[in-house]
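Results of the structural survey
Take a look at the letters that make up each chain.
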Amino acid sequence: MSENRLSSGISGLDEVLHGGYVPGRAYLIRGGPGAGKTTLGMHFLVTGAARGEQVLFISLGESVTQLRRTAVGLGFDLENITFLDLSPTAEFFAEVQTYDIFSPAEVEREPTTRRIVQQVEALKPQRIFIDSMTQFRYLATDTFQFRKQVLSFLRFLVEQDITVLFTSESSEEAPDDDLQFMSDAVINLSFSDSERTLCISKFRGSDFQNGNHAIRLTSTGMQLFPRLIPQTYGQAFTTEVIPSGIPEMDELLHGGIERSTITIISGPSGVGKTTLGLQFMKEAAGRGEHSIIYTFEERKETLLRRAEGINIAVNAMQQRGTLSVVQVEPLYYTPDEFANLVRQEVEQKQTRIVMIDSVSGYRLSVRGEELTSHIHSLCKYLQNMGVAVLLINEVETITGEFRVTEIGISYLADTIIFLRYLEMQGELRRAIGVLKKRMTDFEKTLREFKISRYGIKVGEPLTHLRGVLTGVPELLKDKP
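My aim in this report is to walk through the structure given alongside it, one point at a time. Since this is a predicted model, take the numbers as computed values, not measurements. (Residues numbered from 1 in each chain as written. Predicted model: local features only at pLDDT ≥ 70, side-chain atom pairs only at ≥ 80, totals over all residues. Heavy atoms only, no water.)

A separate point is helix H3 (residues 64-73). Taken together, the buried positions of H3 are Val64, Leu67 and Ala71. Seen from one end, H3 has its buried residues packed into an arc of 60°, which puts them on one side. Exposed and oriented more than 90 degrees from the buried face of H3 are Thr65, Arg69, Val72 and Gly73. Looking at the buried residues of H3, the elements they touch are helix H2 (37-50), strand E2 (55-59) and strand E3 (81-85). The positive-phi residue at the C-terminal boundary of H3 is Gly75, with phi of around 80°. (Buried < 20%, exposed > 50% of the residue type's maximum accessible area, 1.4 Å probe, protein only. Helix = DSSP H or I, 4+ residues; strand = E, 2+ residues; numbered from the N terminus. Arc of directions from axis to C-beta. Contact = heavy atoms within 4.5 Å.)

Structure follows, in structure tokens:
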């Protein structure tokens, strides 16, 4: 991060801009009504005022009274912000002011320009926010004059080493392509029924983070959640084995799962996938390591009660700070917001195991976007941070055709553990096996898998059965 950058007041935006705004440049903020342009500008000015800088808000649309009311509702401190209100007053309408000889542009332009110049020369601000530059278009007689006036205006400000943010309201009738050419950087805000996003399309003389980044307008202003780029994160860690604490299970895995790997635990509903993941976390807690479960489907209270009922002391683990359980509403969070939650947990609490329960629940937060790219980025980030990832994957089939996943993410896995139901002599039983393990060899047999109030029990290899993967095994006959 460059030391001479100016903070935007929004931590996520500073990250996207690789440190913040470059001083002495002009930034165009584009977006439709309600996209958050004014809120973004408010953050910029409030942050500058808090640093002791002189800041100026030039309003050509909303009145200062309206702006103050909005800012107070968001908790912004406007005490040290100077406002220049150039918006139309109520008296203009009441007095029915018209221009019969000269055009409005010729009458209004000179006094407007004079007031801006006087204010800038008197205040000598370091930051200016102009909302919106579109209004200047109506003070110009034609497009050429508008472009010339805006360009000279921005140059007047930038040559005084002022950092300028200005907004535009682009439409088919009044496109802002000319403003994009004149600005040093372009920040685009957009929103739909499902989400709001921000993207940078131009930043002269600086790198920036590409892509659409999720934003949320809250009661305290704007929050931005940068899209996760795995290769930009990483830390040193020691490769080590994480055992399950169940001897037979560790025999299957030739020791356990490894740090900085992705493990898919796959199987039908109720077969014991989450319970198996918790078993690895239980053993990690005994070593003082912190783990976290993100549950998308099961209620947190239900999960905790069920774990306690099978001898996994999750409540004690939470009290000691070795386990966190977070219930996630997938339709509330976007993938970028969820990734930000995970990042905070990993980087602030040094979390060593992350379990996502389940991939189907996580898929809802993607909302029509490609699931694979989002989960790939998140898992690779966790790998780079030395975290063991457990992905709980539910398959729809109880018995019959064997499938590891139904959404094409098995390529991500370093280890695949699968659980199956078996029908044996009219009784429903379970089996466990390992399909893939990149780091070490593994046992190729299947074993019976049981869950009781005493915990998980893994049996001896099922060498006397065939057809286990079909769900209806047959007993092998003894050789003559």
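So much for the structure itself; the text now carries on.
Let us now look at the environment of Leu419. Turning to its location among the elements, Leu419 is positioned in strand E17 (residues 415-424). Looking at Leu419, the relative accessible area reads 1%, which means it is buried. Measuring from C-alpha to C-alpha, the distance between Leu419 and Val434 comes to 9.0 Å, with 15 residues separating the pair along the chain. Residue contacts for Leu419: discarding those within four places in its chain leaves Ile265, Ser266, Gly267, Pro268, Val271, Gly272, Lys273, Ala431, Ile432 and Phe449.

Here the focus is the packing of helix H13 (residues 359-366) against helix H14 (residues 371-384). Between H13 and H14, whose axes approach to 10 Å, the crossing angle comes to 110°. With respect to their mutual orientation, H13 and H14 come out roughly perpendicular. Every pair of crossing elements has a handedness; the one defined by H13 and H14 is right-handed. Together, Val359, Tyr362, Arg363 and Val366 of H13 and Leu371, His374, Ile375 and Leu378 of H14 make up the contact between the two elements. Residue composition of the contact of H13 with H14, by class: six nonpolar, one polar and one charged. (Axes fitted to C-alpha atoms, helices over the stretch in contact; angles between N-to-C directions. Parallel < 35°, antiparallel > 145°, perpendicular 65-115°, else oblique. Left-handed = near helix turned anticlockwise from the far one by under 90°. Nonpolar A, V, L, I, M, F, W, Y, C, P; charged D, E, K, R; others polar.)

Fair warning: the whole summary comes from geometry, so function is off the table for now.
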